[in-house]
Structure formats: C-alpha cells, structure tokens
Amino acid sequence: MSTRSENFPALYERLKPQCEEIIARYEVKRSALLPLIHLFQEHEGYASAEAMRAVSEMLNLSLAVVESTVSFYTLFFRKPVGKYVLQVCRGLACTICGAEDIMAYFREKLGIGHLQTTEDGLFSYEEVECLAACDRATCMQVNLEFVYDLTPQTIDEMIDAMRAGTHPVPPLAQTDKPPKSWIVLQDAQVSRGEKSAGALDQSDPNNAGGLDKDGVIMLDRIISREAHFKGRTKERLATEQPGIIDIMGNGAAH
Ligand code: FES
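Keep in mind that what you see is a predicted model, and the values were worked out from it rather than measured.

Caption draft 1: Representation of helix α3 (residues 49-58). What α3 keeps buried is the set Ala51, Met52, Ala54, Val55, Ser56 and Met58. Phi turns positive, to about 55°, at Asn60, one or two residues after α3.

What follows is the structure, encoded as structure tokens:
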C-alpha cells in the first residue's frame, strides 16, 4: 500500500464533518458530487481513486457515475499533477490571435508537451478548448485562475515568478510525485486508436460510447441485448450496476 493510500483514511476522517456539511446543503444528495470532489482535490492536489470511492459511498452513487462525472471536467485531475497546472486555450478566437505560437512557446520553455508534467513536479501543461474568455485572447488558466493577453514576455515573467515562489496564484497541494504524463489509461487507449470515446461503426462491446453500424449507441445495444452481451463487455455500468441497466433499459433503443 502506498504512503498516500495509508494517509487517505486520516484525511477522510478530518474532512468528514466538512463533507457532511456540504451534503446537507442540497435537497438531492448527488448534487454534492462536484463540491465534494473539489474539496478532496484541494487537499490532495488531484481527484484520487480513494477520494472518488469515498464520495461514491457518501452519496450512494456508483463509482462509474462519479468517475464519468470527474472525467468530464478539465478542472478535475485524475492523476497527480504539478503544483502549477497551466491550461492554455486552443479555441478558435485564441488560435486566430496566435495561440499556436503561444503553445509552441510554452512547450519549448517547459520542455514538455500536452498533458505532461516537468521532472521537478512544478508544472503540468495542457491545451484546452475555449475557456469562454474570447475577448481577452490569447488566454489560459493557472490553477483555474484566468490569465489574459499572453505574450512570450508575460509567459517568461509568470514562469519566473512561479519558480521563485512569488506568483500571486498559490501552488496546488501535492501529496504524490506526479508521473511524466497525467493521461489516464482510457485516454491513452483512445490516443493509440485502441478505444474510441464515440466513434462510428463500433462493434466492440467495450466501447459503450460509440455508435454501431446501425447508428445505435453501443450502450443501448448492450442494455437491450443484456443476455447476449453478458460476460462479453467490461463496461462498468453493465458489470457493476445491473440495477442501473434495468432502469435505463426501460428507455433504451431496440
Ligand atoms: S477561444 Fe480562447 S477563450 Fe474562447
């Protein structure tokens, strides 16, 4: 067991009263999902597997539901990241205003690429979709705080200040040394072409997000032909939550 896993129960006990307070704010328990993940990420520096499991138990949600929600948002990190997460916008407005050059400058300056962390664990770098600040392009977020009107000079000043510990945005907590890449396994499979998050003409029963040759979402196919797919799919909604499949099956396409 890793040191961090050993420490998680202590962190959980410490945060439990705050978690209960957050849950009590909502009429529907599951509405506390995002604030709870935020809370654990604030203390651990990322949304750890232990934190997601603890939240799923607190809210009586399946782990698959918690993980899929966390993976949807770029503001949650599913692996340890650097103390400064630099997310540069590659949306249309920013691209027109020179984002390609800005991203190339970051990559060269830091010596890392998209979704990678520097060896010293100080910086993680990501190129993200529109940050909804198009009028201040080119822009980015530093630990989720906006930085606008980027130029090579402002980037140099920002990185120097972070290295010197004088930047106004505080560093993230870091409970684990981050690996070089913070791509999670499934993303890595997608980038190698082994798995698609939503491709056409899918027949793989492990790609529930894809459409099969008839245009039916594979998950619906799995639900509607449960007996046929039993034991042939590793999709967790199917293997871990048969109750959910029953509920969803009522509205699934056949
Ligand atoms: S395109 Fe960059 S903020 Fe919208």
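Caption draft 2: Up close: the pairing of strand β1 (residues 84-89). Of all the 6 residues making up β1, 6 are buried; the element is thus mostly covered by neighbouring parts of the structure. Burial along β1 is two-sided: Tyr84, Leu86 and Val88 and Val85, Gln87 and Cys89, pointing in opposite directions, are all buried. Relative to strand β3 (residues 123-128), β1 is paired through 6 bridges, and the arrangement is parallel. Counted as the bridge partner of Gln87 is Glu126 from β3. Looking at chain direction, β1 and strand β4 (residues 140-142) are connected through 3 bridges and run antiparallel.

Caption draft 3: Expanded view of the packing of aromatic side chains. Taken as a whole and judged by the stated rule, the model has 7 aromatic pairs. Relative to Phe123, the ring of Tyr84 has its centre 6.3 Å away and its plane inclined at 35°; by these criteria the two rings are tilted. Here the residue Tyr84 occupies a position in strand β1, and Phe123 occupies one in strand β3, the gap between them amounting to 39 residues. Here Tyr84 falls in the buried class, since its relative accessible area comes to 3%. Ring-pair connections join several aromatic residues into one group, and the members of that group are Phe8, Tyr12 and Phe40.

Caption draft 4: Region of the structure containing the sheet that holds β3. Strand order in the open sheet formed by 5 strands is β2-β3-β1-β4-β5, and the pairing between neighbours is mixed. Taken across any chain shown, the strands that pair with only one partner, and hence form the sheet edges, are β2 (116-117) and β5 (145-147). Sheet analysis places β4 next to β5, joined by 3 bridges and oriented antiparallel. Bridge pairing in β5 links Gln141 to Phe146.

Caption draft 5: Geometry of the packing of helix α2 (residues 33-44) against helix α4 (residues 63-72). Contact geometry for α2 and α4: axes closest at 11 Å, N-to-C directions at 75°. Considering the angle they form, α2 stands roughly perpendicular to α4. Residue-level contacts link Leu33, Leu34 and Ile37 of α2 to Val66, Thr69 and Val70 of α4. Here the residues of the contact of α2 with α4 are counted per class, giving 5 nonpolar, 1 polar and no charged.

Definitions and cut-offs
- Residues numbered from 1 in each chain as written.
- Predicted model: local features only at pLDDT ≥ 70, side-chain atom pairs only at ≥ 80, totals over all residues.
- Heavy atoms only, no water.
- Buried < 20%, exposed > 50% of the residue type's maximum accessible area, 1.4 Å probe, protein only.
- Helix = DSSP H or I, 4+ residues; strand = E, 2+ residues; numbered from the N terminus.
- Pairing = 2+ DSSP bridges.
- Phe/Tyr/Trp six-rings, centres within 6.5 Å; stacked < 30°, edge-to-face > 60°.
- Axes fitted to C-alpha atoms, helices over the stretch in contact; angles between N-to-C directions.
- Parallel < 35°, antiparallel > 145°, perpendicular 65-115°, else oblique.
- Contact = heavy atoms within 4.5 Å.
- Nonpolar A, V, L, I, M, F, W, Y, C, P; charged D, E, K, R; others polar.

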